[in-house]
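# Inside the fold
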Amino acid sequence: MENNKTAFERLQLIRHKYRPTIRDYIPLIFTDFYEMHGDRLCGDDGAIIGGIARLDGRPVTIIAEVKGRDINENKKCNFAMPHPEGYRKALRLARQAEKFHRPVICFIDTPGAFCGVAAEERGQGEAIARNLAEFMTLRTPVVSIVLGEGGSGGALALGVCDELAMLENAVYSVISPRGFASILWKDASREQEACDIMKITAEDLVKLGVAEAIIEEPLGGAHNDLDKISENIKEYLSHKIPEKCQKDIDVLLKERYTKFRKIGQFSE
Amino acid sequence: MLEDFFNVVKKRFNDDDDKQTPEKPVFKCPRCQSSVPLEHYEELHRVCPECNYHGRLSARERIAVTVDKESFTEYDADMLSCNPIDYPEYEEKQAELREKTGLSDAIVTGEAKIKGSSVVIGVMDSRYMMASMGSVVGEKIARAFERAAEKNLPVVMFTASGGARMQEGIVSLMQMAKTSGAVKLHSHSGGLYITVLTDPTTGGVTASFASLGDIIIAEPKILVGFAGRRVIEGTIRQRLPDDFQLAEFMQEKGFVDLIAERRKMRSTLSHLLKLHGYTE
Ligand SMILES: [Zn+2]
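Values in this document were obtained by computation on a predicted structure and should not be read as measured data.

## What to know about the domain arrangement of chain B
All names here are of chain B. Here chain B is partitioned into domain 1 (18-53) and domain 2 (57-275). Taking only C-alpha atoms, the centre of domain 1 and the centre of domain 2 are 27 Å apart. Each partner contributes residues to the interface: domain 1 has five residues there, and domain 2 has seven residues. For the pairing of domain 1 and domain 2, the buried interface totals around 560 Å² over both sides, and the portion due to carbon and sulfur atoms is 48%. Area buried by domain 1 at its contact with domain 2 is led by His-45, Arg-46 and Asn-52, which between them contribute 73% of it. For the interface between domain 1 and domain 2, the tally reads one salt bridge. In this structure, Glu-61 and Arg-46 form a salt bridge, with 2.8 Å as the shortest nitrogen-oxygen distance. Joining domain 1 to domain 2, the criterion identifies three residue pairs in polar contact (both at pLDDT 80 or more).

## A word on the coordination of the zinc ion
All names here are of chain B. On the protein side, the zinc ion has Cys-29 (SG), Cys-32 (SG), Cys-48 (SG) and Cys-51 (SG) as donor atoms, found 2.3 to 2.4 Å from it. Here the zinc ion is ringed by four donor atoms whose angles at the metal span 106 to 115 degrees, and the overall shape comes out tetrahedral. Within one chain, the residues serving as donors to the zinc ion are arranged as C-x2-C-x15-C-x2-C. Here Cys-32, found in the loop between strand 1 (26-28) and strand 2 (35-37), pairs with Cys-48, found in the loop between helix 2 (38-43) and helix 3 (59-66); they are 16 residues apart in sequence, far enough to count as distant. Overall, Cys-32 belongs to the partly exposed group, its relative accessible area being 30%. Judged by its relative accessible area of 2%, Cys-48 falls in the buried class.

## Points about the sheet that holds strand 3 (residues 73-75) of chain B
Whenever strands of a sheet pair, they do so through backbone hydrogen bonds, lying parallel or antiparallel. Residue and element names in this part refer to chain B. One open sheet holds the seven strands; their spatial order is 3-5-6-7-8-9-10, and the pairing between them is mixed. Two strands bound the open sheet, and with one partner strand each, they are strand 3 and strand 10 (258-259). Relative to strand 5 (residues 107-114), strand 3 is paired through three bridges, and the arrangement is antiparallel. In the sheet register, Tyr-75 faces strand 5, and the bridge partner there is Thr-109.

## Some words on the packing of helix 12 (residues 249-261) of chain A against helix 6 (residues 169-188) of chain B
Across the interface, helix 12 of chain A lies against helix 6 of chain B with an axial gap of 8 Å and an inter-helix angle of 135 degrees. With respect to each other, helix 12 of chain A and helix 6 of chain B are oriented oblique. Judged by the twist between their axes, the crossing of helix 12 of chain A over helix 6 of chain B is left-handed. Facing Tyr-257, Phe-260 and Arg-261 of chain A of helix 12 of chain A, the residues of helix 6 of chain B in contact are Met-174, Ala-177, Lys-178, Gly-181, Ala-182 and Leu-185 of chain B.

## Quick look at the packing of aromatic side chains
Considering all chains together, one arrives at seven aromatic pairs over all chains under this definition. When the ring of Phe-180 of chain A is compared with that of Tyr-87 of chain B, the centres are 6.1 Å apart and the planes differ by 75 degrees; the resulting orientation is edge-to-face. One end of the pair, Phe-180 of chain A, is in helix 8 (residues 177-185); the other, Tyr-87 of chain B, is in the loop between strand 4 (80-81) and helix 4 (90-101), on a second chain. With 6.5 Å between their ring centres and 15 degrees between their planes, Phe-27 of chain B and Tyr-53 of chain B make a pair best called stacked. Within this pair, whereas Phe-27 of chain B is found in strand 1, its partner Tyr-53 of chain B is found in the loop between helix 2 and helix 3, the two being separated by 26 residues in sequence. Considered together, Phe-27 of chain B and Tyr-53 of chain B belong to a single accessibility category, that of buried residues. A connected cluster of aromatic rings, assembled from ring pairs, spans Phe-180 and Trp-185 of chain A together with Tyr-87 of chain B. The ring of Phe-260 of chain A has Lys-259 of chain A lying over it, and the distance from NZ or CZ to the ring centre is 5.1 Å.

## Looking at helix 8 of chain A
All names here are of chain A. Inspection of helix 8 places Pro-177, Gly-179, Phe-180, Ala-181 and Trp-185 among the buried residues, and these make up the whole buried set. Contacts from the buried residues of helix 8 go to helix 1 (7-14) and helix 9 (191-198). Looking one or two residues beyond helix 8, the residue adopting positive phi is Lys-186, at roughly 55 degrees.

## A closer look at the confidence of the model for chain B
Residue and element names in this part refer to chain B. The predicted model of chain B averages 92 in pLDDT, with 92% of residues at 70 or higher. Between residues 8-18, whose pLDDT stays under 50, and residues either more than four places distant or in other chains, the model counts one contact. Per the prediction output, this complex has pTM 0.94; the corresponding ipTM is 0.97.

About the cut-offs
Residues numbered from 1 in each chain as written. Chains lettered and ligands numbered in written order. Predicted model: local features only at pLDDT ≥ 70, side-chain atom pairs only at ≥ 80, totals over all residues. Heavy atoms only, no water. Domains from an automatic or database assignment. Contact = heavy atoms within 4.5 Å. Buried area = accessible area lost by both parts, 1.4 Å probe. Salt bridge = Lys/Arg side-chain N within 4 Å of Asp/Glu carboxyl O. Polar contact = N/O pair within 3.5 Å; in protein donor to acceptor, adjacent residues only side chain to side chain. Donors = N, O, S within 2.8 Å, 3.2 Å for Na, K, Ca; no water. Tetrahedral: all angles 85-135°; square planar, octahedral: opposite > 155°, others 65-115°. Helix = DSSP H or I, 4+ residues; strand = E, 2+ residues; numbered from the N terminus. Buried < 20%, exposed > 50% of the residue type's maximum accessible area, 1.4 Å probe, protein only. Pairing = 2+ DSSP bridges. Axes fitted to C-alpha atoms, helices over the stretch in contact; angles between N-to-C directions. Parallel < 35°, antiparallel > 145°, perpendicular 65-115°, else oblique. Left-handed = near helix turned anticlockwise from the far one by under 90°. Phe/Tyr/Trp six-rings, centres within 6.5 Å; stacked < 30°, edge-to-face > 60°. Lys NZ or Arg CZ within 6 Å of the ring centre and 35° of its normal. pLDDT = per-residue confidence, 0-100.

Okay, structure coming up:
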């Protein structure tokens, strides 16, 4: 079914108060979820949760950015803006998955990596960079899904994968439309105009070779039918994960590298 | 003693010279405010003799002061960016900058020798859209690492960047993954990668290949960070200390191996290359 919503309308939709978060999805998609904490270096970031669970009986590792559903949850998860220790926890769990031959499933849902003093002091740039490099050669399948907002490097740090899927109304962008307007036009209020030209919708991203799949949302958006949207995500994963697990890992890694290697438009 | 005498004479002579041409161009240091004859500042490769302020160099200037004479061969000199999200007037803006800077985009890559050791080198140029990373920067960097891996050469990257090239939208974000992947590929081949952070290295470049060097060198007092200072000040609603995100600060936090002055950069690089077995 065709989605006629504009990028700006989708942005409002994914910011809807009742937009489901990863905490809503986990019990409906997976079984036996055990959350694992900490990066073993500095702390435990509430903006990224991770752990082990089963998908159709198969052990998998889940790494996800967490949006809060109320003020208390948002305090804990810092409005889904990770610190370096969040990305380092993600990498630790990814390496653990590699060791035990579990596929990794990443859920992206963030306005961006946190911009603050502590984040800089602990190397926000280094933490993101390390994930990009390490996920590129992680010897186990990685599938990522953008649930709502895919904001900038903070999203990409969980987005180096074999296949990227977008929920139908999710967006993924180099910077928030507000930030885009503020930087390029020195006027943050031109957010809607930025949405119109940035090419951030699921269809745009498939066209640009950034995403491979779109997961259909219930009429009016994911919040209208949690069971249905969870079922759709599960259906996608139940099909995709075994497909990727069957592939020879060296072939998979080559394809992963090529997927990103070919994005870019230039002439010579 | 005699030498001192001659210096005095020379100085007088120069002073006289100054009087004859009072309009001789002067460099006013943005850090210590002292005025230095521009010629002298240029002789020092744009370093203030009073306070050691390291001014920005263009890519061509950087290559000239870093590599052996006549040793540089450029890669992909004719690569030009397209307009992946049809950003208004992006092509016009680029044509203008190409004209003005003589660059094709914000990075120059190629092969050269540093005191006899062959290297693949990349130098970003902040005059070109703040050396933001779009398709061309990403592609040139990826190719540089891939070629270095093929030829068993080390890579030296002089970074400077305002971050992602906003005008290329999500395509520019993906260059972070592309370049980081290429660094990893080169690393797997056993090659040495030295990053030299220059002023300013920020955003998506800090969050990708700039932070992935086996060895990370920085010029003194340069700015290096992920988030912009003003963005952070806006979030915390207070002024940050002056040394925040300077090279020395980042070294203290554990993200920079060594700080090298510009006049010592060439010999520092040469020593490190030779320590890793890259001889003539
Ligand atoms: Zn000075």
